[in-house]
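Geometric and topological summary
Below are the chains, spelled out letter by letter.
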Amino acid sequence: MNMMKKQSLHSHHVVIIGAGYAGVMTANRLASSQDAPHRYPRLTITLVSTRSNFVERIRLHEYAAGSRESVTIPFGKLLNPAVRIVQGTAEMIHVTEGRENTVSLNSGLTLPFDSLIYAVGSETVDPTPDQQSTANYESASSIRSLAPNLPAGTRVLVAGGGLTGIETAAELAESHPRLRVILHSTGALAPGVSPRARARIRYGLRKLRVEIHENTMIVPEAEHHVRCVGFTYPKLAATSGLPIDSQNRLVVDHTLRVREHPQIFGIGDAAVIHTENYRHLRPGCATAMPLGSHAAENILASLQGAPLTAHTHGYVFQCISLGRRDAVIQFVRGDDTPRKAFLSGRLAAVFKEQICRYTIRELRIEGKRFRSYSWPRGKSHSNGTQTRIDSLAAQES
């Protein structure tokens, strides 16, 4: 009771590092709680972003190919007005028992926090000067500028047989038919879909004249390379002395909390729930937004003295676009393993486009109406899922 009285006299400061799908969803759910009928603790919410606008990362392949004019949204059109935006890059998280916890930015600014959300995202593995990718806005912009000026017949190699590689190759081939687009994968294309859906993806790519080289270590020759293979994660958690796994991802428990530092929560691509029941979680907005929502709920619960709850998450489908007029929608079980059913063709392309629009719409609405966003709940999954997820992670971007 004394603790709740004390908290009511001042704002609890939440700092969110990272303004992608996970970070924005967390910020909006926390901010909209302040206008909810139920009385929640007072919050001050600061969102740290490396950019001045939100980037629709799931559309970067469209932007790179020139089939979409813009993938940025001003934060003012996406966030609850109560969220304070600070532009910069977090360089160190300082957690000291008995003293003020802070985040240091590259600008020299220091942000104190009572609770911290770690949502720093991911990038493509090992980028090199002679390779581009569709993992970030700058590289996608470079491809967008370069592709229209390449001579006819120029070979463009897209490396990676995961969903990002497939979508990038298809988009480039459709938007620039004079180019020779080559898709290379060391394993099978789209390892997370059924054999029939995979055959349909190959058919869609070949209709766009994409040359497919899969299940081979031999890399075809090409004048330009677009890398869509694997993930790398910022070293912020490691340099800050926080618990990490072998890939530099922040380790959290089933409540999304860092066990050693209960004031810190980890969500999105750069965090990993280190228990067997969560091995099915894949990178992407379909995972990030539920994680952000749940982290916000557990922060509110902790401030009310209520027990924190375990995150549960299931999936319904995977969406793979094949240009603007074709796609494959693979229906999946809650643990992301494929069902027999899938949708393809123009109707699937419309479905995929609606999912992309839905994502932004739900972020906006959550900033206006508390708990408007919901997601499919999952169940426990066996260790056998790990092999398939490792295969996905090795190829997906």
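Values in this document were obtained by computation on a predicted structure and should not be read as measured data.

All right, on to the overall build of the protein then. Scanning the protein from terminus to terminus reveals 10 helices and 21 strands. Radius of gyration (C-alpha) of the protein: 21 Å, near the 21 Å computed for a compact globule of 397 residues. Here the C-alpha coordinates of the protein stretch approximately 70 × 45 × 35 Å along the principal axes. Expressed as a percentage of the 397 residues in the protein, the buried residues total 56%. Long-range contacts, defined as pairs at least 24 residues apart, comprise 70% of the intrachain contacts of the protein with a sequence gap of at least 6. If you sum the accessible surface of the protein, you get close to 17,600 Å²; carbon and sulfur atoms cover 52% of it. If you average the places of the 46 positive and of the 33 negative side-chain charges in the protein, the two averages end up 6 Å apart.

Enumeration over the complete set of coordinates arrives at 5 aromatic pairs. Pairing Y21 with F54 gives two aromatic rings, centres 5.2 Å apart and planes at 90°, and the pair type is edge-to-face. Here Y21 is found in helix α2 (residues 21-33), whereas its partner F54 is found in strand β3 (residues 53-55), with 33 residues between them in sequence. Its relative accessible area of 9% is what places Y21 among the buried residues. Measuring from centroid to centroid gives 6.0 Å for Y373 and W375, while their planes differ by 25°, and the two rings are stacked. The ring of Y315 carries the charged tip of R282 above its face, separated from the ring centre by 4.2 Å. The cationic tip of R377 hangs over the ring face of W375; the distance from NZ or CZ to the ring centre is 3.8 Å.

Once that is clear, we can look at the pattern of salt bridges. The final tally for this structure, using the stated rule, is 21 salt bridges. With its nearest N and O atoms 2.5 Å apart, the salt bridge here joins R51 to E138. Of the two residues, R51 is situated in the loop between β2 (43-49) and β3 and E138 in helix α4 (residues 137-146); the sequence distance between them amounts to 87 residues. Here the residues in one salt-bridge network are E56, R59, E62, E171, R324, E353 and R357, joined through shared partners.

Moving on, we come to the nonpolar core. If you look at the biggest cluster of nonpolar residues, it comprises 67 residues, and the most contacted ones within it are V24, F54, I93, V103, I117 and L363. Considering every element that reaches this core, the biggest residue donor is helix α8 (residues 285-303), with 9 residues. Contacts of I117, omitting those with residues within four sequence positions, involve V14, V15, I16, I17, T26, F265, I267, A295 and I299.

Another point: unusual backbone geometry. Backbone geometry places N215, a non-glycine residue, at a positive phi of 55°. Tracing the backbone shows N215 in the loop between β13 (211-213) and β14 (224-227). Residue N215 is classed as exposed on the basis of its relative accessible area, which comes to 52%. The phi dihedral of R371 is positive, around 60°, even though this residue is not glycine. Tracing the sequence through the fold places R371 in the loop between α9 (346-368) and α10 (385-395). Residue class for R371 comes out partly exposed when judged on its relative accessible area of 44%.

Before going further, it helps to spend a moment on the sheet that holds strand β9 (residues 115-118). Judged by pairing direction, the sheet is mixed, and its 6 strands sit side by side in the order β5-β2-β1-β9-β17-β16 without closing on themselves. The open sheet has two edge strands with one neighbour each: β5 (83-87) and β16 (257-258). Where β16 meets strand β17 (residues 261-266), 2 bridges bridge the pair, whose relative direction is antiparallel. Bridge pairing links V258 to H261 in β17. Docked against the sheet, α8 engages β1 (12-17), β2, β9, β16 and β17, running at close to 165° with respect to β9.

What follows concerns the packing of α2 against α9. Think of two packed helices as two axes; the pair is described by the angle between the axes and how far apart they sit. Across the interface, α2 lies against α9 with an axial gap of 7 Å and an inter-helix angle of 25°. As judged from the angle between their axes, α2 and α9 are roughly parallel. For the pair α2 and α9, contact is made by Y21, V24, M25, N28, R29 and S32 and by T359, E362, L363, E366 and G367, respectively. In the contact of α2 with α9, the residues fall into 4 nonpolar, 4 polar and 3 charged.

About the criteria used
- Numbers given for residues are sequential positions, taken from 1 along each chain in its written order.
- Whole-chain, interface and lining totals are the exception, using all residues; otherwise, since this is a predicted model, local features are given only for residues with pLDDT of at least 70 and side-chain atom pairs are given and counted only at 80 or more.
- Calculation of side-chain values draws on the structure's entire complement of heavy atoms; hydrogens and water are dropped beforehand.
- Helical segments are the DSSP runs of H or I of at least four residues, strand segments are the runs of E of at least two, and each set is numbered from the N terminus.
- What the globule rule says is 2.2 Å times the number of residues to the power 0.38, and the radius of gyration is computed from C-alpha atoms.
- The buried label applies to any residue whose accessible area, calculated with a 1.4 Å probe on protein chains only, is under 20% of its type's maximum; exposed applies above 50%, and partly exposed to all values in between.
- In what follows, a contact means two residues having at least one pair of non-hydrogen atoms within 4.5 Å.
- Using a 1.4 Å probe, accessible areas were evaluated by the Shrake-Rupley method; residue-level cover was limited to the displayed protein chains.
- We count Lys and Arg on the positive side and Asp and Glu on the negative side, and we leave His and both chain ends out.
- Throughout, a charge is located at the NZ atom of Lys, the CZ atom of Arg, the CG atom of Asp or the CD atom of Glu.
- For Phe, Tyr and Trp, where Trp contributes only its six-membered ring, two rings pair if their centres lie within 6.5 Å, and the inter-plane angle classes them as stacked under 30 degrees, edge-to-face over 60, or tilted in between.
- For a lysine, the NZ atom is tested; for an arginine, the CZ atom; a charge sits over a ring if that atom is within 6 Å of the ring centre and within 35 degrees of the ring normal.
- We define a salt bridge as a contact between a side-chain nitrogen of Lys or Arg and a carboxyl oxygen of Asp or Glu at a distance within 4 Å.
- Buried Ala, Val, Leu, Ile, Met, Phe, Trp, Tyr and Cys residues that are joined via side-chain atoms within 4.5 Å together make up what is termed a nonpolar core.
- Criterion used throughout: strands pair if DSSP finds at least two bridges between them.
- The axes used here are C-alpha line fits, helices contributing only the stretch in contact, and every angle between their N-to-C directions lies in the interval 0 to 180 degrees.
- Any angle from 65 to 115 degrees is called roughly perpendicular, while one under 35 is roughly parallel, one over 145 is roughly antiparallel, and all others are oblique.
- Polarity classes work like this: nonpolar for Ala, Val, Leu, Ile, Met, Phe, Trp, Tyr, Cys and Pro, charged for Asp, Glu, Lys and Arg, and polar for all others, with Gly in that last group.

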